[in-house]
Amino acid sequence: MKVVFNVLFFFIVITCQAQENGHQLWLRYKNAKPVTVICSKNSPTLSIAKQELQNGWQGEPNASITLTIKKDKALKDDGFRLSQNEVIAATEKGVLYGVYELLRRQRTGEAITGEAENPSYQIRILNHWDNPNGSVERGYAGHSIFWRSGPDSLTVTQNDKKIWTEYARANASIGINASVLNNVNASPKIITPEYLNRVKAIADVLRPYGIKTYLSINFSSPAILGKLKTSDPLDKAVIKWWQDKVKEIYSYVPDFGGFLVKASSEGQPGPQDFGRTHADGANMLADALKPYNGIVMWRAFVYSPNDKDRAKQAYNEFMPLDGKFKDNVIIQVKNGPVDFQPREPFSPLFGAMKQTSVMPELQVTMEYLGHDKYLVFLSTMWEEVLQSDTYQQGEGSTVARCTDGSIYSQKYTAMAGVSNVGLDTNWCGHLFNQANWYAFGRLAWNVNLKSEQIADEWLKLTFYGAQSSKSGEANYNAGWNDNFLKPVKQMMLDSREAAVNFMTPLGLHHIMSANGHYGPGPWWAPKGMRADWTPPYYHQAAENGIGFDRTKTGSDAVEQYHEPLASQFNDAATCPEKYLLWFHHVPWDYKLKSGRTLWDELCYKYDEGVNQVRSFQKVWDKAGVYVDSTRFLEVQRKLRIQCVNAGLWKDACLLYFQQFSKMPIPYELERPVNNLDVMMYNDRGDGRSH
Ligand code: BDP
């Protein structure tokens, strides 16, 4: 009898919670109240706005709400203004954003104020690194939502449209208004007619949600597709080829946004193949797009194996071109000078290019931060970068203000995020990776939002109406404050620092194993491999110390920063310790502010990182029971994996570096539980073999 009861109970629990698979993201409309929506105009976008209100209204039952489109001096672009019963915007898209904001506030319990809310950046764009065969470069959430392989790969199905609609809706709900549909390592075929047919189908679904479609292009397309002798951007036939191609693309997608270009970078073709500059290449494409109001997002992610310091190269290549780009070109700059590491100082290009439009590129997918395995809330990392002061126009010239049009009058302002979305049921692999998609959209809309606020919103929305596996109660009012919201929010806010601690503390960077970019690999340097792709190039561990000397007597990367930063970074005594080994090669017994030696401090940091993740387990076990068991268990499992991996990072890095420091791990700290030779032997490069 007892067994039967248990089985029955289990069955009921499973069936009740079957829908709790994370697919709804932060858009959990439950128990909507009736509402009348008044709007004198009709359009696909406005119908969506109306429908959303009807599906999700949590205000007074039977209230009336008016959607008003009118000019208002305080409203910029797609900005809006809310009241209890009216959404005012100058554009239809603005109305849609206002509706989502109103519904969000109803669910989070935030006050509805009448202030104008305007976007920080005009273009808030996701970059999908999706390949035409459906694989996703650095994707950890299943196959591409846009592309697939197989004989019917280009047939547009109802299922395709459903997922694209859900994707578009999720983006619109957080203000994202643009998508690049394919990988920056672009296949030329993306702009052939058969693929353009599918691009058109996707664009048609995204459009009513206010999302413009962009494509990454391969710079050699004229030669590869057009069979021209060259792809030289100054060649007349090449120029004509691109003009015709652009015209053709606009015949499929009349409001096409433009091109994203990775050129002369990591083996991709580019203008430098023909002795031309980035400006020559970008401007040629910009001219072709200009008649249609299209733009070029030209990436500054460039480096070559011959350079003594990879961190300097983008600046060196792009600064001489400042002022040479057409006004519909934006230079897309990764947040740090190397590559989306857990922590980097900001790229010195921000604020330095004064006559060129520049946009930040952030990575939402967690290439270097644990893929779909770790819980890392990236908002704090982005906030740190965006609020960094470049001093380029005096104090307060933050990266945000240098790129959002506050300081430089850019014709276009934009922020890009490398997407973490795939076909996985929960979209992002790890439930908490949804928070990073959410945070990217919110920050692109309002660059001054605090991570605390973003985490608060996301948690309240994501667990809205979730049924506590403890009490069976459903949470509609973000109650459980002290039991759930508070500790889990704190865990999110601490999670990035924890990851830095157990992976790359004190300014270490790029010490992951091989191309998998997951597990530790400070030793990883196969024979014949480009030095700048191997960790020893970056950590420079030796008997005399550790760290990359980027001071004036080293590579002089500090010189690329504006004063007072150049001097501050140059001196180990004034360099923020979080960047110490980024800028300095420091002796093992160097004394830090804590009074500890560098070696001891490293040991403490790695140990602290591991302990932080262990403490996240406790937080989640205790708080997680206030949410449904499906999502609770999934996150619990991933935290266990993260703990194991954090331990490996600590053991691998400490035991490896200890060979050089020859100092003991402070005796009060937990000892390593993995042997270095075994870890190295087991390291097959994907980091998962440990
Ligand atoms: C690196 C990735 C690589 C990308 C490249 C890029 O490892 O897969 O193609 O960035 O941004 O981080 O172009």
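Along each chain, numbering runs from 1 in the same order as the chain's sequence is written. It should be noted that, the model being predicted, local features are given only for residues of pLDDT at least 70 and side-chain atom pairs only at 80 or more, the latter also being counted only at that level, while totals for whole chains, interfaces and linings use all residues. Neither water nor hydrogens contribute to the side-chain values; these are computed over all heavy atoms in the structure.

Asker: What am I meant to see in the sheet that holds strand S11 (residues 329-334) here?
Answerer: Neighbouring strands of a sheet are bound in pairs by backbone hydrogen bonds; such pairs are parallel or else antiparallel. Reading around the circumference, S6-S7-S8-S9-S10-S11-S12-S13 is the order of the 8 strands in this closed barrel, with parallel pairing throughout. Within the sheet, the average angular offset between the axes of one strand and its neighbour, ignoring direction, is 25 degrees. Here a strand pair is declared whenever DSSP counts at least two bridges between the two strands. Each helix corresponds to a stretch of at least 4 residues labelled H or I by DSSP, and each strand to a stretch of at least 2 residues labelled E; elements are numbered beginning at the N terminus. Bridge count between strand S7 (residues 178-180) and strand S8 (residues 212-217): 3 bridges; the pairing is parallel. Counted as the bridge partner of Ala-178 is Lys-212 from S8. Every axis corresponds to a line fitted to the C-alpha atoms, with the helix fit spanning only the stretch in contact, and the corresponding angles, defined between N-to-C directions, vary from 0 to 180 degrees.

Asker: Would you mind showing me how to read the side chain of His-430 here?
Answerer: Tracing the backbone shows His-430 in the loop between strand S13 (414-418) and helix H12 (434-445). The class for His-430 is buried, based on a relative accessible area of 1%. Polar side-chain contacts of His-430 include one of 3.0 Å to the backbone nitrogen of Phe-432. Throughout, a contact is declared for two residues whenever any of their heavy atoms are within 4.5 Å. Setting aside residues up to four positions removed in sequence, His-430 forms contacts with Asp-372, Lys-373, Tyr-374, Leu-375, Val-635 and Lys-638. Accessibility here uses a 1.4 Å probe with only protein chains present; expressed as a share of the type maximum, an area under 20% marks a residue as buried, one over 50% as exposed, and anything in between as partly exposed. Pairs of N or O atoms within 3.5 Å make up the polar contacts considered here, provided that, within protein, one atom can donate a hydrogen while the other can accept it, and that residues adjacent in sequence are counted only when both atoms are side-chain atoms.

Asker: Sorry, what's going on with the environment of Thr-91 here?
Answerer: Structurally, Thr-91 can be placed in the loop between strand S4 (86-89) and helix H3 (92-108). The contact partners of Thr-91, leaving out residues within four places of it in the chain, are Ile-69, Asp-77 and Asp-78. Within polar-contact distance, the side chain of Thr-91 engages the side chain of Asp-78 at 2.7 Å.

Asker: Any chance you could explain the pairing of strand S2 (residues 63-69) here in plain terms?
Answerer: Sheet topology note: the strand S1 (residues 35-38)/S2 ladder contains 4 bridges and is parallel. Note that in S2 the partner of Val-37 across the bridge is Ile-65. Consider the strands pointing away from the viewer: the crossover is right-handed when the path from the first strand over the helix to the second runs clockwise. Viewed along the sheet, the connection from S1 through helix H2 (residues 44-56) into S2 turns out left-handed. Of the strand pairs in this sheet, S2 and S4 are connected by 4 bridges, and their pairing is parallel. Directly across from Leu-67, in S4, lies its bridge partner Val-87.

Asker: Would you mind going over the pairing of S8 with me for this structure?
Answerer: Every other side chain in a regular strand lies on the same face of the sheet, so the side chains alternate between the two faces. Taken across its 6 residues, S8 has 5 buried, putting it largely inside the fold. Taking the sense of rotation as the criterion, the β-α-β connection linking S7, helix H5 (residues 193-206) and S8 turns out right-handed. Where S8 and strand S9 (residues 258-261) come together, 4 bridges link them in parallel fashion. Its bridge partner being in S9, Ser-216 is matched across the sheet by Leu-260.

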